[in-house]
Amino acid sequence: MKNYTTAFKFFVNLLIFTVIISILEKGGSLLKYLNSTSTIISSNSDLILVSFNLILLSYALWLLIKFRKTIYTLHTDSVFSAKNGFSFTSIGRGLLFYSAGIFIIRVLENILNKPAIKGESVAYNLGRDFGAALSDRIPLLVIAFFLLIVAQLIKEGYDLKQENDLTI
Amino acid sequence: MKIFGLKSLSAFFYYIFRSISIVLLAFLTCMEFAFNTDRFTVEDGRFDMKIPLIGSSIQVDYQFSDILTITLILIFGILLLYLLSNIFKTLKKTVIFNKGIIKNLKLLTILNLIIGPVLYFLIHYPIMHKTEFRNIHNLILLIIFGMISFFLTYVFQKGFSVQSENDLTI
């Protein structure tokens, strides 16, 4: 059991570390913008996007810390418990919401900052922005889906275990 | 929407992954057949190969290293998608915790945690002679998916033992 969760713990800790780095980076650019009038960030719309990005990153950090707690209790409790099922479901759903939020922010960033290709239609440029934003989100969406699968498996296992425990 | 069962997300993913793996296998076979039978043209150091049925063509630098890289990546992709489709095929069944899925998950873990990184370094250094790490995120993603499948194997093993215990009870 320990071998299985150790790898997962390492992975979650690594993710927490990268999210903290991203938060510091975004927070730094937000502070620089607030403290000086020089254009580190070009407009107010960018300021709003950076703020939303920061909020979403904080949400991701909260989800990961919650996930870390669940992983760390796995070797002491039984895997198939209602609590674990609920935790995995909420983390999986949370990651889906986070992916959707970041996707919207990336699309807006691309629309505002990336120059449109000359001679191409608005639909083409919009499609390019949507495609670029979606391709970045696919790994996280897959991870979220796998976590939802784990949650469902835990629930199925919990039902089986309860049935088993009731049998004399 | 249901995750497991006949009309569920698992069934949908099974058809998607199996279809993509078949298409990729057909593409690889077609490419290797074209190379072995000289059914391609070379212009400005790039080969041009017509893709049957679609009508379009692929153009890549005509170098052994490039062709070998494409072939290795395609084989890896086909294996990965085939294993994923097998896993989702098992999740369509009524009894989810079974030996077949554990075997497929173990193979998926080996593919992601051992074969994937070995292939990455093989392509990076001896084949393509790259010095920078611009596509390292692919390796990190492989390791992340490997860890998830490693954890899933454990959940399925536990579930299988509970299931077997349950089936033995009269």
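Everything numeric in this text was worked out from a predicted model, so none of it was measured.

Asks: Before we move on, could you go through the overall build of chain A and cite the residues and values that matter?
Replies: The secondary structure content of chain A amounts to 4 helices and 0 strands. Each helix (α) and strand (β) of chain A, taken in turn from the N terminus, gives the series α-α-α-α. If you take every contact in chain A between residues at least 6 apart in sequence, the share linking residues at least 24 apart comes to 80%.

Asks: Let's hear about the confidence of the model for chain B: which residues, and what values?
Replies: With 99% of its residues at a pLDDT of 70 or more, chain B has an overall mean of 87. Both scores are available for the predicted complex, with the pTM at 0.80 and the ipTM at 0.75.

Asks: Describe the packing of helix 2 (residues 64-91) of chain B against helix 3 (residues 99-127) of chain B, listing the residues and the values that go with them.
Replies: All names here are of chain B. Viewed as axis vectors pointing N to C, helix 2 and helix 3 meet at an angle of 165°, and their least axial separation amounts to 10 Å. Relative to helix 3, the element helix 2 lies roughly antiparallel. For helix 2 against helix 3, the interelement crossing comes out left-handed. Here helix 2 contributes Ser65, Leu68, Thr69, Leu72, Phe76, Leu79, Leu80, Leu83, Asn86, Ile87 and Thr90 to the contact with helix 3, which in turn contributes Gly100, Ile101, Asn104, Leu105, Leu107, Leu108, Leu111, Gly116, Leu119, Ile123 and Ile127. By residue class, the composition of the contact of helix 2 with helix 3 is 15 nonpolar, 7 polar and no charged.

Asks: Talk me through the nonpolar core; I want residue IDs and the actual numbers.
Replies: By size, the foremost hydrophobic cluster in this structure holds 48 residues, and its most contacted members are A:Leu147, A:Val150, A:Ile154, B:Ile87 and B:Val155. Sorting the residues of this core by element identifies helix 1 (2-35), helix 2 (44-73), helix 3 (82-113) and helix 4 (122-166) of chain A together with helix 1 (9-36), helix 2, helix 3 and helix 4 (136-168) of chain B as the ones contributing at least two each. Among the elements that line this core, the one with the most residues is helix 4 of chain B, at 10 residues. Domain assignment of the residues forming this core places at least three in each of domain 1 (1-94) and domain 2 (95-170) of chain B.

Asks: Give me the lowdown on helix 2 of chain B, citing residues and values where you can.
Replies: An ideal rise of 1.5 Å per residue puts 40 Å on 28 residues; helix 2 of chain B measures up with 41 Å between its terminal C-alpha atoms. Along helix 2 of chain B, the positions that sit buried rather than exposed are B:Leu80, B:Leu81, B:Leu83, B:Leu84, B:Ser85, B:Asn86, B:Ile87, B:Phe88, B:Thr90 and B:Leu91.

Asks: Residue-level account of the environment of B:Leu79, with values.
Replies: Mapped onto the secondary structure, B:Leu79 falls in helix 2. Overall, the presence of 16 C-beta atoms within 10 Å leaves B:Leu79 in the partly exposed class.

Asks: Describe the domain arrangement of chain B, with residues and values.
Replies: All names here are of chain B. Domain boundaries in chain B define domain 1 (1-94) and domain 2 (95-170). For domain 1 versus domain 2, the separation of C-alpha centres amounts to 20 Å. Taken together, the contacts link 15 residues of domain 1 with 15 residues of domain 2. In terms of residue class, the side of domain 1 that touches domain 2 is made up of 9 nonpolar, 5 polar and 1 charged.

Asks: Report on the sheet that holds strand 2 (residues 46-50) of chain B, specifying residues and quantitative values.
Replies: Residue and element names in this part refer to chain B. The antiparallel open sheet is built from 3 strands, whose spatial order is 1-2-3. The sheet is open, and its two edges are formed by strand 1 (41-43) and strand 3 (57-61), each paired on a single side. Strand-to-strand twist of the sheet, defined as the mean angle between neighbouring strand axes without regard to direction, takes the value 25°. As paired elements, strand 2 and strand 3 share 5 bridges and run antiparallel to each other. Bridge pairing links Lys50 to Ser57 in strand 3.

Parameters and conventions
- Residues numbered from 1 in each chain as written.
- Chains lettered and ligands numbered in written order.
- Predicted model: local features only at pLDDT ≥ 70, side-chain atom pairs only at ≥ 80, totals over all residues.
- Helix = DSSP H or I, 4+ residues; strand = E, 2+ residues; numbered from the N terminus.
- Contact = placed C-beta atoms within 7 Å.
- pLDDT = per-residue confidence, 0-100.
- Axes fitted to C-alpha atoms, helices over the stretch in contact; angles between N-to-C directions.
- Parallel < 35°, antiparallel > 145°, perpendicular 65-115°, else oblique.
- Left-handed = near helix turned anticlockwise from the far one by under 90°.
- Nonpolar A, V, L, I, M, F, W, Y, C, P; charged D, E, K, R; others polar.
- Core = buried A, V, L, I, M, F, W, Y, C linked by C-beta atoms within 7 Å.
- Buried ≥ 20, exposed ≤ 12 C-beta atoms within 10 Å, placed from the backbone.
- Domains from an automatic or database assignment.
- Expected span 1.5 Å × (residues − 1).
- Pairing = 2+ DSSP bridges.

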